[in-house]
Structures are given as C-alpha cells and as structure tokens.
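Letter by letter, the chains look like this.
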Amino acid sequence: MCCRPGVLSRSSFSIGPGAHVSSPASLLAVSDLHVSYADNRDVVDGIRPGSPGDWLIVAGDVGELFADIRRTLAQLRERFAAVIWAPGNHELWTHRDDPVRSRGVERYEQLVEMCRSIDVLTPEDPFPVWTGPGGPVVVAPLFQLYDYSFRAPGTHTKEESLAYAYRTGIVCTDEMMLHPDPYPDRESWCWARVEETERRLDAIDPALPTVLVSHWPLVRHPTDVLRYPEFAQWCGTERTADWHRRYRAVAAVYGHLHIPRSTRQDDVRFEEVSLGYPREWQRRPTPPRVPRHILAPVLDGAA
Ligand SMILES: [Fe+2]
Ligand SMILES: [Fe+2]
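Residues numbered from 1 in each chain as written. Chains lettered and ligands numbered in written order. Predicted model: local features only at pLDDT ≥ 70, side-chain atom pairs only at ≥ 80, totals over all residues. Heavy atoms only, no water.

### Regarding the overall build of the protein chain
As a reminder, the rule being used: Only DSSP runs of H or I with at least four residues qualify as helices, and only runs of E with at least two residues qualify as strands; both kinds are numbered from the N terminus onward. Taken over C-alpha atoms, the radius of gyration is set against a globule rule of 2.2 Å times the number of residues to the power 0.38. Note on exposure labels: buried denotes an accessible area under 20% of the residue type's maximum, exposed denotes more than 50%, and partly exposed covers the range between, all computed with a 1.4 Å probe on protein chains only. Pairs of residues are marked as contacts when any of their non-hydrogen atoms sit within 4.5 Å. In this description, accessible areas are obtained by the Shrake-Rupley approach with a 1.4 Å probe, and a residue is regarded as covered only by the protein chains that are shown.
In terms of regular secondary structure, the protein chain is built from 9 helices and 12 strands. Over its C-alpha atoms the protein chain spans a radius of gyration of 18 Å, differing by no more than 12% from the 19 Å that the globule rule assigns to 303 residues. For the protein chain, the C-alpha atoms occupy an extent of roughly 60 × 40 × 40 Å along the three principal directions. Residue burial in the protein chain is summarised as follows: out of 303 residues, 58% are buried. Considering only contacts within the protein chain whose residues lie at least 6 apart along the sequence, 74% involve residues at least 24 apart. Of the roughly 12400 Å² of accessible surface on the protein chain, a fraction of 51% belongs to carbon and sulfur atoms.

### Thoughts on the packing of aromatic side chains
What counts is decided by this rule: In this analysis, rings of Phe, Tyr and Trp, with Trp reduced to its six-membered ring, are considered paired at centre separations within 6.5 Å, and the interplanar angle assigns stacked below 30 degrees, edge-to-face beyond 60, and tilted for intermediate values. Either the NZ atom of lysine or the CZ atom of arginine qualifies as a charge over a ring when it sits within 6 Å of the ring centre and within 35 degrees of the ring normal.
In the structure shown here, the tally under the stated rule is 11 aromatic pairs. An angle of 80° between the planes, with centres 5.6 Å apart, marks the rings of Tyr146 and Tyr148 as edge-to-face. Judged by relative accessible area, which is 0%, Tyr146 ranks as buried. For Tyr148, a relative accessible area of 0% translates into the label buried. Three or more aromatic residues link up through ring pairs in this structure, and these residues are Tyr108, Phe143, Tyr146, Tyr148, Tyr183, Trp189, Trp216, Phe231 and Trp234. When the ring centre of Phe127 is taken as origin, the NZ or CZ atom of Arg200, which lies over that ring, is 4.1 Å away.

### Concerning helix α7 (residues 186-202)
Put simply, the test is: Multiplying 1.5 Å by the helix residue count minus one yields the expected span of that helix.
Taking 1.5 Å per residue as the helical rise, α7 with its 17 residues ought to reach 24 Å, and the 24 Å between its terminal C-alpha atoms agrees with that figure. Within α7 the residues assigned to the buried category are Arg186, Glu187, Ser188, Trp189, Cys190, Arg193, Val194, Thr197, Glu198, Arg200 and Leu201.

### With respect to the coordination of the iron ion (ligand 1)
Worth spelling out the cut-off: Distances up to 2.8 Å from the metal define which N, O and S atoms are donors, and 3.2 Å serves for Na, K and Ca; water is absent from the atom set, so sites may look incomplete. Site shape is set this way: if four donors have all angles between 85 and 135 degrees, tetrahedral; if opposite donors are over 155 degrees apart and all others between 65 and 115, square planar for four donors and octahedral for six; otherwise irregular.
Only Asp32 (OD), His34 (NE2), Asp61 (OD) and His258 (NE2) from the protein reach the iron ion (ligand 1) as donors, at distances of 2.0 to 2.3 Å. Note that the iron ion (ligand 1) binds 4 donor atoms; their angles at the metal cover 89 to 169°, and the shape is irregular. In primary-sequence terms, the residues that donate to the iron ion (ligand 1) follow D-x1-H-x26-D-x196-H. The metal-metal distance between the iron ion (ligand 1) and the iron ion (ligand 2) comes to 3.5 Å, with Asp61 coordinating both. One end of the pair, Asp32, is in the loop between β3 (27-30) and α1 (38-45); the other, Asp61, is in the loop between β4 (55-58) and α2 (66-79), with 29 residues separating them in the sequence. The exposure class assigned to Asp32 is buried, which follows from its relative accessible area of 0%.

### Brief notes about the sheet that holds β3
Short version of the rule: For two strands to be treated as a pair, DSSP must find no fewer than two bridges joining them. In this description, a line fitted to the C-alpha atoms serves as the axis of each element, helices being fitted only across the stretch in contact, and the angle between N-to-C directions of two axes falls anywhere from 0 to 180 degrees.
Judged by pairing direction, the sheet is mixed, and its 4 strands sit side by side in the order β5-β4-β3-β12 without closing on themselves. Of all the strands in the sheet, just β5 (82-85) and β12 (292-295) have a single pairing partner and so form its edges. In this sheet, adjacent strand axes meet at a mean angle of 30° when their direction is disregarded. In the sheet, β3 pairs with β12 via 3 bridges, with the strands oriented antiparallel. Bridged to Leu28 within β12 is His293. Lying over the sheet, α2 contacts β4 and β5, oriented at roughly 145° with respect to β5.

### Some remarks on the coordination of the iron ion (ligand 2)
Working reference: metal with six octahedral donors, ideal angles 90 or 180 degrees; metal with four tetrahedral donors, ideal angle 109.5 degrees. Around the iron ion (ligand 2), the donor atoms from the protein are Asp61 (OD), Asn89 (OD1), His215 (NE2) and His256 (ND1), and they sit 2.1 to 2.2 Å away. Spacing between the donor residues of the iron ion (ligand 2) along the chain follows D-x27-N-x125-H-x40-H.

Here is the structure:
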C-alpha cells in the first residue's frame, strides 16, 4: 500500500490522482454494497477503476460483520488509487453473528482503526483534495447519523413519529442493533457528530469547493420518494440542511435509501450511489450502474 503524501493544509492533503498515468482519472462513488449477499459480492468483484488514478468513495453499508467490511474495503483499496469510506448504519450494528462485540462509539473507532490499517480514508482523517478533472475539490467523508427530525407524516415529536412507525410495522433494525453507547440515545450521538463535523468542515480552506460524502442524505428531499415515508426518521437530521451551501459543495454523495438517482437542490447535485439488496437491483430493467461518476474527464457537472 502506498503512503500518504504531504499535507496541503491542516484539514486536507493531496494524493495526486493520475500522477503516473496517461489517462485522466475519475472520482467514483458507490454505497450499500451489502456484501453478506453472494450476488452483491459478484458485483463488487466487477468494480474496477477505468484509470489507475481513479478514487473510489464508499458511502457506507458495506456490510455488518467486521471481517466482511475489512475484506471488501481492502479488495477495493488494492484496485483504486484511494478509497474513502464513510460509515453506514449496517457497519455500526452489533450483529449477533459478529465476533466483534463492541457497541456504539467504540465500534465506530474500531472501524476507523481498521480502515487506517488498510490505508482507507475515514471521516477522522485529514480530508483529501481531488486534483484530477473538476478539481481541486476537497472530498469530505462525514459521519452524522440521524436524530428522528425527518418525522413521519402528521407527527411532531420523536415519540409520535416512532409510535407511527411501530403502528405501521416499518421500523428500522437500527432500533435493535445500532447502539449509541456511551450516549443515552442515537440523537445525542448524532448531535455530537454534527457539532464535531461542523468544526472539521469550518477548517477547510474556504477557497476550495467540496464533495460531501455521507451515508445518510444531508437534506430531506431525497426521502420524499420513500415507499414508506415513516422510514425517513432513520435517514438524516435537519441540522445538516444547509451544509451543501455552507461548505461549497459541487456534489453531495449519499446512499442508505437504495434509490439510486441524481437530484438537485440549490444548484447542488445530490447523488444517491447505492447498489442495494439483490431483490431490489435484480428487478430493475438494467444492471446496477456502479460505481457512479462524481467528477470525471467527460462528465464534469453531469450525473
Ligand atoms: Fe443499505
Ligand atoms: Fe443504510
């Protein structure tokens, strides 16, 4: 594995994509690989760079088991010049089949350490600067979780919103497996993450635009198309609603919804880059389009 090159500023560094290659590199993104499914592992086997300088963003939900997450990210890191990971809810589960029994913050910190051991960048590392086509752009992986503020229709408190979900039976498994330890609840962990993440984002050179990367969408509009609107409460927080404008985003990359598509808000591209479960992508008329181009030689500004 290569070493990390010099620091450009206190909050970012450059890996220099394409420094030793002739074809221009691309910044690519995927999420929700869910590698516990054999069919999804086959898809991962096919994820290859188009150029040796390509970077790959992996926006959470690689899998549930530590060994699966490590193996998959290490495979991808062998192929791509850089891999940038942000956690999803599935990585944060304490799954009954995982010999790693840590919960909450401890589990997240262990995931970060694991990523560092295989040279995969995390939200805790200096933000890299993409200097290929469309750059320079700071690529900022984020971990902000959710706080139930994307409430179910007609509800006004977390309690009402959760009660609505339990009534309809659409309850995210996080309620059973994503533990907030040592925080009293997931929203407290979310709010601490939002505060810490804003501190990191505030420190980015204001002359540089960003690509913001998070498992959960930073704004609510992508959840408008959810089949079950009560699921939105596990999809984000209103506290990040202005981050795409405040931090000069050229694109906001996310997953979690398993509804791959491109949308716009305030002239910023929002890119849902998920693979999703086989039962979801196999019933679509075309094969999954993974990874997606975020910044690329001929696709600058396009989805
Ligand atoms: Fe997912
Ligand atoms: Fe997810």
